[in-house]
Each structure stands twice: as structure tokens, then as C-alpha cells.
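# Fold and geometry: a report
This is what each chain is made of:
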Amino acid sequence: MWRMMKRRTTTAAIPTNKFVMPSPAPIRMTPDGLEVPPNPLIPHIIGDGSGPDIWRASQRVIDSAVRAAYGDSRHIEWREVLAGQKAFDSLGTWLPEETVRAFREFLVGIKGPLTTPVGGGIRSLNVALRQGLDLYCCVRPVRYFSGLETPVKHPELVDMVIFRENTEDIYAGIEFAADSEEAQQLRDWLSATFPERASKVRFPQSSGFGIKPVSRTGTERLVRAAIQYAIDHKKPSVTLVHKGNIMKFTEGAFRDWGYALAEREFQATPCGTGAWRQLPCGIVIKDCICDAFLQEILLHPAEHSVVATLNLNGDYCSDALAAQVGGIGISPGANINYVTGHAVFEATHGTAPSLAGKDLVNPSSFLLSAQMMLNYIGWDEAAQILERSIQMAIVNHHVTADLAEMIPGAKALKTSEYADELIGHMLF
């Protein structure tokens, strides 16, 4: 049965009593899982807008967490690669091939927020990276940090991990503008080939058209990763979120393929009523219509732990959940291929150009994404120190201005001051 990859940190044999750091090396994928050297080369994209402010603060915090956990025996060797406005200004291209090649070669990387060029060209730099590296899982953990005031009464009940399909659905969508020749060709073909179905289009001459592909292969690898995550982290359930009551052969198929995979690869058996299944370890596999799920996360958030869903649904659900615990400013994200080991961790918010250069932006989303990265490479101790420092800053009411609005009596810090606060909570 398929399993999440193992992580192994290697150290070179040193003939003296004093540890000597070997030359930087890339993370490698082996038959046994990720092999992580003590000083891995990790590419990073600083990002546009407020990205430089975030990076200056975050690098200090991440390096301090690693040093607090391991002293001088481990260290991240950061390597900047270009994308977005900085790449366009320097090289005349928004996403240089060298950048994609670096993420492909070094396996694990991290990025700040990027500008999406308006008009022609790349639809989204983020999408281009995800599809170019086949990062089929967008993983968004959502949890509450004690001390934040949020719009809901019991934000502490929210503890979910969203597995959002990252390469199909609208990310691979094909669209035809209403007045285009292509749209007319599609209308003519539908009318000639499937007249009954074509008649459902109410105003064909003024309609745009979109095609959303959803495959069995894409569904299975996402659901497989979500179920294995639930097993590895001892979560009680996996919820398949879909709109299969309307889109029966795309989102409905997602649901059916997900249940079938749970039975075939994880020995799931029927439980309760309906299509629900249960694994031998007790994890329940269930499903929920997406609009009902948006009610569920408000009314019964504790009933859901791991969520597997399609691309557009995952976009809605992850942002709605983030609002319940403090907003996307404190929400991390990762894009992962669990088969090849490739992973790009990223802040989930935009570039915030109005805050660029003002030392006022909140770096917590980026930092929590870095925490996910540290966990991914097996540096759990550093990840715990980083997360704990953010919680302590919130408890002490020393946070950036956006978080201070959610904490009565909080002191609003600059980005650099917030980094100092976090480092101060790390024991060296």
C-alpha cells in the first residue's frame, strides 16, 4: 500500500570531535523517501509588493528556529531564484525557466506572493509553477491560535487540513469567449451532435463556454494523499467535498472514485448509512455537498478533520476556514507531489503593494508555510519552535497591525519588530 515518504537527515562522517558543516547539497528523493542533508540547498522566491519585507523578517526567524533546535549542526543554504515583477524587470520574462529548473532540481522550495501579469501571457505564475512541477496537492492546514478574536464563537473547534486538487478542474479549464469564432464552432458542434443537451443552453448566441476536466487519475492521487495523511497523523475522518448532485460526471465522479479508492487500496468497508466507509484503523471516509459543507464548517467544524476536494471548491473552503481563525494573513499553504517529493511552500495572501517597503506587513502566513516546510523535511523540532514563537507573540499581544485589530489591547509591531519578538521566544 502507498505510504507517505520517510525523511532522513544525513550527516557526513567527521574525524574530529568538532562538527564541521559539509558543503551545501540538494535534498534528494530515494526509494526510502526524502534524504535531507544537514545544510540543504533550498531555492526561494522573495516575491512582489510586500514580498521583500516579508523575506527580510522571515529569513531571520526561520534561521533562528533552526539554530535554536540544532545549534550549528544544521543550516539552510538559501538560494534566491527569480519570478514575478523582479524577473520581468531583470530578464524580460515573468517566470524564467531557470527558476522552474531550480525547484525541479532541489525538490523543496518556498516563495513569497507574486504578481499575476494583467492581459495576455501566463494566467497565473502560481498555477504555472504548480502545473510545471505537477504539484497536485495544495495542502492548507487551518487551525486557531489562542488569543485571537475571530468572527465565530468557537474558533478553537476549527482544526482541518484541506487537500485541494491543484492541476485539474478550473486550473486546466478551457474557455471560449461569448462572441468568439471558437464559441460559435462549439455551439454548432453541440447542436449537431448532442441537440438535446445543446437545448439546455438558454441563450446560446450570447453565452461563453467553459470546460472543466476531472480525471480518475487526478482524483485518485489526491484522495490517496489525503487518506494517507489522515492515517499518518491519526485524524478521525476524511471528507470528500463536491457538487456531484449537479455535475455528476465530474464532481460526482470525484466522489465515487474517492470511495472506490478507499475500498481498493485502504480496505475501507461500509459504515453507517449512505456511501460512508471506514478504514480498519477506524478513520471514516465520508462526503458532503460543497454548499452544505460551507454551512458545516460554521455549525459543526469539529466533525471534519481532513478534507479532499476539487480545485474551485478548495479555493472557497480554505479561505472561508481561514476567516474563522484569523484570516489568510495567518494561514499557510503548500503545493506538493508526494510521489516525486517536489514541494513549494508559499504565503497564501496577495502581494499587498500598498504596504510594500513600509515594514508593516504580517509575515505569519509565510512563516507558517516555512513551518510546514520544516516538518516536510523532517526538521520537526525547528518547526515546533517556530510555531510556538508565533503563539507566544499572540499571547503576549505583540503582533503586527492586522493581528492587533483582533486582540484587544495588543501592541502593533512593525514587520522587523515582530521578527525580533518571535526570535526572542526561541531558546538558544
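Model, not experiment: these values are computed from the prediction.

## Regarding the packing of aromatic side chains
Tallied over the full model, the rule gives eight aromatic pairs. Plain terms: the ring middles of Phe163 and Tyr338 are 6.4 Å apart, the flat faces sit at 25° to each other, and that makes the pair stacked. Placement of the pair is Phe163 in strand E9 (residues 159-165) and Tyr338 in the loop between strand E17 (332-336) and strand E18 (343-347), with a sequence separation of 175 residues. One aromatic cluster is present, formed by Trp55, Trp78 and Phe366 through successive ring pairs. One residue, Arg74, lies across the ring of Tyr70, its end atom 4.0 Å from the ring centre.

## Concerning the state of the cysteines
A covalent bond between the sulfur atoms of two cysteines is what we call a disulfide. A full pass over the atoms with the stated rule returns zero disulfides. You can see Cys137 has no disulfide; the closest cysteine sulfur is in Cys138, sitting 8.9 Å from it. Considering cysteine sulfurs only, Cys290 is the nearest to Cys288, which forms no disulfide, with 8.5 Å between them.

## Considerations on the packing of helix H1 (residues 51-70) against helix H12 (residues 380-395)
Across the interface, H1 lies against H12 with an axial gap of 8 Å and an inter-helix angle of 125°. Relative to H12, the element H1 lies oblique. As H1 runs across H12, the sense of the crossing is right-handed. In this structure, H1 contributes Val61, Ala65, Val66, Ala68, Ala69 and Tyr70 to the contact, and H12 contributes Asp380, Glu381, Ala382, Ile385 and Leu386. Looking at the contact of H1 with H12, its residues break down into nine nonpolar, no polar and two charged.

## Describing the pattern of salt bridges
If you walk through the whole model with that rule in mind, you get 19 salt bridges. For Arg164, the salt bridge identified is with Asp315, shortest N-O distance 3.8 Å. Here the residue Arg164 occupies a position in strand E9, and Asp315 occupies one in helix H10 (residues 311-325), the gap between them amounting to 151 residues. For Arg164, a relative accessible area of 5% gives the class buried. A salt bridge links Asp291 to Lys243, with the nearest nitrogen and oxygen atoms 3.3 Å apart. Within this pair, whereas Asp291 is found in helix H9 (residues 290-299), its partner Lys243 is found in the loop between strand E12 (237-242) and helix H8 (251-266), the two being separated by 48 residues in sequence. By relative accessible area, which is 43% here, Asp291 ends up partly exposed. Because the salt bridges share partners, they merge into one network encompassing Glu220, Arg224, Arg264 and Glu265.

What counts, and at which threshold
- Residues numbered from 1 in each chain as written.
- Predicted model: local features only at pLDDT ≥ 70, side-chain atom pairs only at ≥ 80, totals over all residues.
- Heavy atoms only, no water.
- Phe/Tyr/Trp six-rings, centres within 6.5 Å; stacked < 30°, edge-to-face > 60°.
- Helix = DSSP H or I, 4+ residues; strand = E, 2+ residues; numbered from the N terminus.
- Lys NZ or Arg CZ within 6 Å of the ring centre and 35° of its normal.
- Disulfide = S-S within 2.5 Å.
- Axes fitted to C-alpha atoms, helices over the stretch in contact; angles between N-to-C directions.
- Parallel < 35°, antiparallel > 145°, perpendicular 65-115°, else oblique.
- Left-handed = near helix turned anticlockwise from the far one by under 90°.
- Contact = heavy atoms within 4.5 Å.
- Nonpolar A, V, L, I, M, F, W, Y, C, P; charged D, E, K, R; others polar.
- Salt bridge = Lys/Arg side-chain N within 4 Å of Asp/Glu carboxyl O.
- Buried < 20%, exposed > 50% of the residue type's maximum accessible area, 1.4 Å probe, protein only.

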